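# Structure at a glance
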Amino acid sequence: MEQSLNEILSAKNELVRNGQIVEATEKYFASNVKTLDFDGTITNNKEEMLVKMRGFANSIAKVNGIIMHNAALIGDISFAEFTFDFDMKDGSKVFWHEILRTVWQNGQVIEEQYFKA
């Protein structure tokens, strides 16, 4: 049985909530995905995003918490609200309250934009 987009979104959000951001990218991002970060960083395909996510994940010393507050799906666009709290290997802290706007096509992410909340 084919999964509904709502089920796919829930599964992706569960991976993110469990700190499996690289795995979520590998599993749910289309090869031609485009991402736009709140700091202006753009990736133009899945491989660029995987490089970015692997680098970020490898720089985390400790995950203090990842909280998913809300999620919504309207047609082929979803929104998810997360708070991320990390201690980084360089001694810095990352504390982001973030909204993800995701455009889906055939069960895969074709565009994702990140907003500071």
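Refer to the preceding data block for the structure.
Read on for an overview of the structure. Residue indices begin from 1 for each chain and proceed along its sequence in written order. For this predicted model, a pLDDT threshold of at least 70 governs which residues receive local features, and a threshold of 80 or more governs which side-chain atom pairs are given and counted, while totals over whole chains, interfaces and linings are taken from all residues. To get the side-chain values, all heavy atoms of the structure are used, and hydrogens and water are removed first.

## Considerations on the packing of aromatic side chains
- In this scheme Phe, Tyr and Trp rings, the latter by its six-membered ring, pair at centre separations within 6.5 Å, and the angle between planes marks the pair as stacked below 30 degrees, edge-to-face above 60, and tilted otherwise. The tally for this structure, following the rule as stated, stands at 5 aromatic pairs.
- With centroids separated by 5.9 Å and ring planes inclined at 85°, the aromatic side chains of Phe38 and Trp96 adopt a geometry described as edge-to-face. Here Trp96 lies in strand 5 (residues 93-105) and Phe38 lies in the loop between strand 1 (29-36) and strand 2 (42-43), a separation of 58 residues in the sequence. Put simply, DSSP H or I for four residues or longer makes a helix, DSSP E for two residues or longer makes a strand, and each gets a number counted from the N terminus.

## Considering helix 3 (residues 46-58)
- Expected helix span is taken as 1.5 Å per residue step, with the number of steps being one fewer than the number of residues. The end-to-end C-alpha separation of helix 3 is 18 Å, in line with the 18 Å expected for 13 residues at 1.5 Å each.
- Only protein chains enter the accessibility calculation, which uses a 1.4 Å probe; a residue whose area is less than 20% of its type maximum is buried, one above 50% is exposed, and one in between is partly exposed. Within the sequence span of helix 3, burial applies to Lys46, Met49, Leu50, Met53 and Phe56. In an axial view of helix 3, the angular spread of the buried residues amounts to 135°, which keeps them on one side of the axis. Exposed residues pointing more than 90 degrees away from the buried face of helix 3 are listed as Val51 and Asn58.
- What qualifies as a polar contact is a pair of N or O atoms within 3.5 Å, subject to a donor-acceptor requirement within protein and to the restriction that residues adjacent in sequence count only when both atoms come from side chains. Two or three places before Glu47, at the opening of helix 3, Asn45 has a side-chain oxygen 3.1 Å from that residue's backbone nitrogen. The directions considered for the arc are those from the helix axis to the C-beta atoms.

## Quick notes on the sheet that holds strand 3 (residues 60-74)
- When DSSP locates at least two bridges between a pair of strands, those strands are taken to pair. Spatial strand order, 2-1-6-5-4-3: 6 strands in an open sheet with mixed pairing. At either end of the open sheet lies a strand with only one pairing partner, and these are strand 2 and strand 3.
- Two strands pair when backbone bridges link them, and strand 5 and strand 6 (residues 108-116) are joined in this way by 8 bridges, in the antiparallel orientation. Among the inter-strand pairings, Glu98 is bridged to a residue of strand 6, identified as Lys116.

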